[in-house]
Amino acid sequence: DSPFGHAGPTEIKLARGGILHLDFGVKEGGYCADLQRVAYFLGEGETTPPEPVQKGFATVLAALQTAVGQMRPGVQGVEIDTLARSVLTEAGYPEYPHALGHQLGRLAHDGGGMLGPAWEKYGESPFLTLEAGQVYAVEPSLMVPGYGAIAIEENVLVTENGAEYLGAPQTELILR
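In short, a report on the structure.

The next thing to look at is the sheet that holds strand β10 (residues 174-175). To summarise the sheet geometry, strands pair through backbone hydrogen bonds and adopt either a parallel or an antiparallel arrangement. Within the open sheet, the 3 strands sit side by side as β1-β2-β10. Their pairing is mixed. Across the chains shown, the open sheet's two edge strands, defined by having one partner strand only, are β1 (18-28) and β10. Relative to β10, strand β2 (residues 31-41) is paired through 2 bridges, and the arrangement is parallel. Looking at β10, one finds that Ala-39 is bridged to Ile-174.

The next thing to look at is the sheet that holds strand β3 (residues 101-104). Strand order across the open sheet formed by 5 strands is β4-β3-β5-β8-β9, with antiparallel pairing between neighbours. Each of the sheet's edge strands pairs with one partner strand only, and the pair in question is β4 (114-115) and β9 (162-165). Across the sheet, helix α1 (residues 51-70) touches β5 (135-138), β8 (154-159) and β9, and the angle it forms with β9 is around 130 degrees.

It is worth spelling out the pairing of β5 at this point. Side chains of β5 alternate between two faces, with Val-135 and Ala-137 and Tyr-136 and Val-138 buried alike. One ladder, built from 4 bridges, connects β3 with β5; its direction is antiparallel. Along β5, the bridge assignment pairs Gln-103 with Tyr-136. With 4 bridges joining them, β5 and β8 adopt antiparallel strand pairing. Across the sheet, Val-135 pairs through a bridge with Leu-157, a residue of β8.

Turning to the nonpolar core, a few remarks are in order. One finds Met-71, Leu-100, Leu-115, Tyr-136, Val-138 and Ile-150 to be the most contacted residues of the largest nonpolar core, which totals 32 residues. Within the residue set of this core, elements represented by two or more residues are β2, α1, α2 (77-90), β5, β6 (141-144) and β8. The element that contributes the greatest number of residues to this core is α1, accounting for 8 residues. Once residues within four sequence positions are removed from consideration, Val-138 is found in contact with Leu-64, Ala-67, Val-68, Met-71, Leu-100, Gly-101, Leu-115, Ile-152, Glu-153, Glu-154 and Val-156.

When we look at a pair of aromatic rings, we describe it by the centre distance and by the angle of the planes. Inspection of the entire model under this criterion finds 2 aromatic pairs. On the numbers, 5.8 Å between centres and 15 degrees between planes, the contact of Trp-119 with Tyr-122 is stacked. Residue Tyr-122 is classed as buried on the basis of its relative accessible area, which comes to 17%. Arg-106 extends its terminal NZ or CZ atom over the ring of Tyr-31, reaching a point 4.4 Å from the ring centre.

If you check α1, its first and last C-alpha atoms are 28 Å apart, about what 20 residues at 1.5 Å a residue would give, namely 28 Å. What α1 keeps buried is the set Val-53, Gly-56, Phe-57, Thr-59, Val-60, Leu-61, Ala-63, Leu-64, Ala-67 and Val-68.

Take the pattern of salt bridges next. The full count for this structure, using the stated rule, is 3 salt bridges. For Asp-81, the salt bridge identified is with Arg-85, shortest N-O distance 2.5 Å. Linking Asp-81 with Arg-85, this pair stays in helix α2, spanning 4 residues, or about one helical turn. Between Glu-95 and Arg-85 there is a salt bridge, with the nearest N and O atoms lying 3.4 Å from each other. With Glu-95 in the loop between α2 and β3 and Arg-85 in helix α2, this pair connects stretches of sequence that are 10 residues apart. The class of Glu-95 is partly exposed, set by a relative accessible area of 44%. Residue classification places Arg-85 among the buried positions, given a relative accessible area of 6%. A single network of salt bridges, built from pairs that share partners, joins Asp-81, Arg-85 and Glu-95.

Parameters and conventions
- Residues numbered from 1 in each chain as written.
- Predicted model: local features only at pLDDT ≥ 70, side-chain atom pairs only at ≥ 80, totals over all residues.
- Heavy atoms only, no water.
- Pairing = 2+ DSSP bridges.
- Helix = DSSP H or I, 4+ residues; strand = E, 2+ residues; numbered from the N terminus.
- Contact = heavy atoms within 4.5 Å.
- Axes fitted to C-alpha atoms, helices over the stretch in contact; angles between N-to-C directions.
- Buried < 20%, exposed > 50% of the residue type's maximum accessible area, 1.4 Å probe, protein only.
- Core = buried A, V, L, I, M, F, W, Y, C linked by side-chain atoms within 4.5 Å.
- Phe/Tyr/Trp six-rings, centres within 6.5 Å; stacked < 30°, edge-to-face > 60°.
- Lys NZ or Arg CZ within 6 Å of the ring centre and 35° of its normal.
- Expected span 1.5 Å × (residues − 1).
- Salt bridge = Lys/Arg side-chain N within 4 Å of Asp/Glu carboxyl O.

Next up, the structure:
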């Protein structure tokens with residue numbers, strides 16, 4: 001139940017029956033990566049996560065895959081964001097309170113374009129079109145009440161034919 005996004009350490013202790021959400025980045029050769037992974041720590045007597053956790057993970061994964069599947073040159077970032085948001089809202093979740101994604105480069109938030117909603121605070125950035133050669137971090141998220149945040153963040157390269165993952169994407173909930 002820690003805060004979303006750019007937050008410092010808290011006093012929250014990891015416990016069985018809870019979600020561990022990791023948001024981290026690395027820099028290699030002067031370029032940044034920005035990734036998120038999620039795990040569930042099985043509670044006493046559990047052999048699988050509870051249904052709300054499973055549904056939350058499946059919904060975030062579907063939003064991510066839908067977004068990446070539609071990324072290609074000429075598409076506006078707002079269009080991709082809208083697709084991902086609709087996956088969450090159609091599954092009964094509220095919209096996430098942030099943009100779906102941002103460009104990556106020599107900084108974790110680099111470049112002018114973003115995958116975001118048409119909110120005033122984002123200005124014209126969501127209306128810029130994707131271009132081949134751009135790299136984006138794509139990060140849908142949701143809260144599962146009583147368990148915590150579920151977010152998967154993947155780094156993708158926009159190509160002439162779509163988008164490709166720059167690493168092995170998380171497709172299953174990590175169980176411990």
